[in-house]
Amino acid sequence: MKSFKGKVLFLDRSDINTDEIIPAKYLTEITKEALRPFLLEDLKMEGFDPGRDISGKAVIITRSNFGCGSSREHAPWALEVNGINLVIAEDFARIFRQNMYNCGMMALELPGETIDRLFREYAGKDVEIEADIEKGILAVRSGEASEEIPFSLEKFDRDLVASEGWVGFADSRY
Amino acid sequence: MGKTLVEKIFESHRVDTPSEGTHVLRLDAVFCHEITTPIAINDLVSRGMDRVFDPSKIKAVIDHVTPAKDSKTAEQGKIMRDWARRHGIADFFDIGRNGVCHALFPEKGFARPGYTIIMGDSHTCTHGAFGAFAAGVGTTDLEVGILKGVCAFRTPKTMKIHITGTLREGVYAKDVILAVIGKIGVNGATNRVIEFTGEVVDSMTMDSRMTLSNMAVEAGATSGIVYPDMTTVEYLWQFIQDEYASKEEALKDYSRWVSDPDADYEEVVDIDVRTLEPMVTFGYKPDQVKPVREMEGTSVDQVYIGSCTNGRIEDLRVAADVLKGRKISDSVRGIVSPATPEIFRKAMDEGIIKVFMDSGFVVTNPTCGACLGMSNGVLAEGEVCASTTNRNFNGRMGKGGMVHLMSPATAAATAITGKIVNSGIFKG
């Protein structure tokens, strides 16, 4: 199973599309690793600098409809090769969400008010999150502060995370 | 309670329910192109699982960057070509026969009512225009589709968009779908299938229906579905005439693939198009839409007519009607890309290619290239493009470029004036 633990990158915008996550001109690459320098290169968001803000992060917290647009799985791959296996949002575009679980990564949905509160209390701070899939708990730590936030994972999504993706699951079953 | 069309398709194709709310479906077709398929092929090879579930159900094309523009795109094409050969994939479309996948595959009769279709391309929703469940997927879903002929989906919910009224002159399917997306938003149909119904849809050609279905994903929809009718049968007749004694018999069979009158919809949206004007996007999201009238005078550097949204023969005819006998502005680069070789040939036979060339357009081979800023019309920083494509995302047609989405008629008129304008001024 992949690791779902580390520092948080806050992206305070809805409807971040996969062209922003990884522009189409890099889709001529045929290895995942080649995508690493270009993650979020075209993200239109005030104050965001991919060169400065991505390094060392392992979790993204964002708003609504993350990953809309193109079906390119290069978007989760670009996250994965940058060490980001967990994205937390109010909701996701369907294909992106499925692509994440198909790669054994997690796209976790939390209620809008919880996302609002996370932004209010933690954005701009040094924050670490660890997802415990067995317990369904997100452990949040920032300086002295810490809290636990419950989450639920559908059985199929959990199975995909455990099998590190859909190819392994499907091959053993169909 | 009755069933929606997509519930009927799921019921007839379900092979497994690995957990509640997840349905593994048997696939009738797996479509492939050279951007998302090579990594799936390489992964299958590296796992020692280089197999295909059924070569006759796999349809493949090189369309995004063709002819290859550099060594990397040449390599992607080569991986596809070698794979198609070694697995005996007969329906593989390479240079000379290739075109934009969502225009080419329907034209070959590969999308049928009641089918389940996946492709590693978000605009796969286009094929819903035939009453199919057609969904864009990522490379891993595609890989499993190629290997096993199955794909998993969550329980589908349906949103009905009921379109009534009569379209005014100069208003087209593109204006309708832009208005729909403007109304429901880019997240308005996420995890849902859109059913397009109503007299406006009933009277549309298959080309227009495909324009509608094509942009369903811009509202987040899994697929954009239109019920099959006699228009569908006429379009498919050359491919199905051996299966049915008559068109009426085909229609009778296809009429299984409609929703029951008492089906359960998650939402119903009524759209009256009687007063609808030509529409255009502003900003970087496809739901940022306003009437062309309100954007008039916006200068553009490039006009692009083509793509899986609006590169079909009907689109080229509409644009040529506006362009005939006129020159495009000196300040504009006009690019038209007929979406398939057959469309290109028809456009030549009908004199449409000549109209485009006489007006100052360059005609490119069929390809997706410019739409996603990969080739054949990439924008420079700060440039503006009037485009008949489907996405105005930041950087979509080139880093720092701005894209305004519009109909082929509006794009043609805009090419003439060099500024966004309604096509009406060139009528008569």
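Not measured: the values here are computed from a predicted model.

Cut-offs applied
- Residues numbered from 1 in each chain as written.
- Chains lettered and ligands numbered in written order.
- Predicted model: local features only at pLDDT ≥ 70, side-chain atom pairs only at ≥ 80, totals over all residues.
- Helix = DSSP H or I, 4+ residues; strand = E, 2+ residues; numbered from the N terminus.
- Rg over C-alpha atoms; globule rule 2.2 N^0.38 Å.
- Buried ≥ 20, exposed ≤ 12 C-beta atoms within 10 Å, placed from the backbone.
- Contact = placed C-beta atoms within 7 Å.
- Arc of directions from axis to C-beta.
- Axes fitted to C-alpha atoms, helices over the stretch in contact; angles between N-to-C directions.
- Parallel < 35°, antiparallel > 145°, perpendicular 65-115°, else oblique.
- Left-handed = near helix turned anticlockwise from the far one by under 90°.
- Nonpolar A, V, L, I, M, F, W, Y, C, P; charged D, E, K, R; others polar.
- Domains from an automatic or database assignment.
- Pairing = 2+ DSSP bridges.
- Expected span 1.5 Å × (residues − 1).
- Right-handed = clockwise from strand over helix to strand, strands pointing away.
- pLDDT = per-residue confidence, 0-100.

Enquirer: Requested: an account of the overall build of chain B, with residues and values cited.
Expert: The number of helices and strands found in chain B is 16 helices and 19 strands. Relative to the compact-globule value of 22 Å for 428 residues, chain B shows a C-alpha radius of gyration of 21 Å, a close match. When the backbone C-alpha atoms are referred to their principal axes, chain B occupies close to 60 × 55 × 40 Å. The burial tally for chain B puts 60% of its 428 residues in the buried class. Residue pairs at least 24 apart in sequence account for 76% of intrachain contacts in chain B once pairs closer than 6 positions are excluded.

Enquirer: Talk me through helix 7 (residues 166–173) of chain A; I want residue IDs and the actual numbers.
Expert: Taken as a whole, helix 7 of chain A has its buried residues at A:Trp166, A:Val167, A:Phe169 and A:Ala170. The buried side chains of helix 7 of chain A occupy one side of the element, clustering within an arc of 165° when seen end-on. In this structure, the buried residues of helix 7 of chain A make contact with helix 4 (94–102) and helix 6 (155–162) of chain A together with helix 5 (139–148) and strand 8 (150–154) of chain B.

Enquirer: Before we move on, can you summarise the packing of helix 6 (residues 173–184) of chain B against helix 8 (residues 206–214) of chain B with the specific residues and values?
Expert: Residues and elements named next belong to chain B. The N-to-C vectors of helix 6 and helix 8 enclose an angle of 20°; their axes lie 9 Å apart at closest approach. Classified by the angle between their axes, helix 6 and helix 8 sit roughly parallel to one another. You can see that helix 6 and helix 8 cross each other, and the crossing is right-handed. Only Ser208, Thr211 and Leu212 of helix 8 make contact with helix 6, whose side of the interface consists of Ala173, Lys174, Val176 and Ile177. Tallied by class, the residues present in the contact of helix 6 with helix 8 amount to four nonpolar, two polar and one charged.

Enquirer: Could you give an account of the domain arrangement of chain B, with specific residues and numbers?
Expert: All names here are of chain B. Each assigned domain of chain B is listed with its residue range as follows: domain 1 (1–276) and domain 2 (279–426). Looking at the side of domain 1 that touches domain 2, the elements with two or more residues in it are helix 4 (101–107), helix 6 and helix 8. Considering every element that reaches the side of domain 1 that touches domain 2, the biggest residue donor is helix 6, with six residues. Partitioned by chemical class, the residues of the side of domain 1 that touches domain 2 number 11 nonpolar, 14 polar and eight charged.

Enquirer: Describe the environment of A:Leu40, listing the residues and the values that go with them.
Expert: All names here are of chain A. Within the secondary structure, Leu40 is located in the loop between helix 1 (18–21) and helix 2 (50–53). On the basis of neighbour count, Leu40 is assigned to the buried category, with 23 C-beta atoms found within 10 Å. Residues Leu40 and Lys135, 95 residues apart in the sequence, show an inter-C-alpha distance of 32 Å. Leaving out residues up to four positions away in the same chain, Leu40 has contacts with Glu20, Ile21, Pro50 and Ile54.

Enquirer: So, the sheet that holds strand 6 (residues 137–142) of chain A: which residues are in play, and what are the values?
Expert: All names here are of chain A. Taken together, seven strands build an open sheet; the order of strands is 4-3-2-1-5-6-7 and the sheet is mixed. Single-partner strands in this sheet number two, and they are strand 4 (106–109) and strand 7 (145–150). Averaged over all adjacent pairs, the angle separating strand axes in this sheet is 30°, with direction ignored. Two elements, strand 3 (residues 86–89) and strand 4, share four bridges in a ladder whose sense is parallel. Looking at the pairing, Val87 lines up with Ala107 of strand 4.

Enquirer: Which residues make up the sheet that holds strand 18 (residues 384–387) of chain B, and what are the values?
Expert: Residue and element names in this part refer to chain B. Spatially, five strands are ordered 17-16-15-18-19 in an open sheet, and the strand pairing comes out parallel. Two strands in the sheet have a free side with no partner beyond their single neighbour: strand 17 (362–363) and strand 19 (402–405). Against the sheet, helix 16 (residues 408–417) engages strand 15 (302–305), strand 16 (333–336) and strand 18, with an angle of about 150° to strand 15.

Enquirer: Provide a residue-level description of the packing of helix 7 of chain A against helix 5 of chain B, including the pertinent values.
Expert: Packed helix pairs are characterised by how far apart their axes lie and by the angle those axes make with each other. For the pair helix 7 of chain A and helix 5 of chain B, interaxial distance at closest approach is 9 Å and the crossing angle is 20°. The orientation of helix 7 of chain A relative to helix 5 of chain B falls into the category roughly parallel. Crossing hand, helix 7 of chain A versus helix 5 of chain B: right-handed. Along its contact with helix 7 of chain A, which presents A:Trp166, A:Val167 and A:Ala170, the element helix 5 of chain B presents B:Thr140, B:Asp141, B:Glu143, B:Val144 and B:Lys148. Taken together, the residues that form the contact of helix 7 of chain A with helix 5 of chain B break down as four nonpolar, one polar and three charged.

Enquirer: Account for helix 6 of chain B, naming residues and giving values.
Expert: Residue and element names in this part refer to chain B. An ideal rise of 1.5 Å per residue puts 16 Å on 12 residues; helix 6 measures up with 17 Å between its terminal C-alpha atoms. By the criterion of burial, helix 6 is predominantly enclosed, with nine of the 12 residues buried. Turning to helix 6, its buried residues are Ala173, Lys174, Asp175, Val176, Ile177, Leu178, Val180, Ile181 and Ile184. At the exit of helix 6 stands Gly185, carrying a positive phi of roughly 90°.

Enquirer: Help me get a handle on unusual backbone geometry, residues and values and all.
Expert: In the segment running from B:Thr66 into B:Pro67, the intervening peptide bond is cis, with an omega of -10°. Within the secondary structure layout, B:Pro67 lies in the loop between strand 4 (58–61) and helix 3 (71–86).

Enquirer: How would you sum up the pairing of strand 3 of chain A? Please name residues and give values.
Expert: All names here are of chain A. Here strand 3 shows no split at all, with Leu86 and Ile88 on one side and Val87 and Ala89 on the other all buried. In this structure, strand 2 (residues 57–62) lies alongside strand 3, joined through three bridges in parallel fashion. Looking at the pairing, Ile60 lines up with Val87 of strand 3. Regarding the hand of the β-α-β motif, the stretch spanning strand 2, helix 3 (residues 74–80) and strand 3 is right-handed. For the segment spanning strand 3, helix 4 and strand 4, crossover handedness is right-handed.

Enquirer: So what's going on with the confidence of the model for chain B? Residues and values would help.
Expert: Counting all residues, the mean pLDDT for chain B is 97, and 100% of those residues have values of 70 or more. For this predicted complex, the interface score ipTM comes out at 0.96, alongside a pTM of 0.97.

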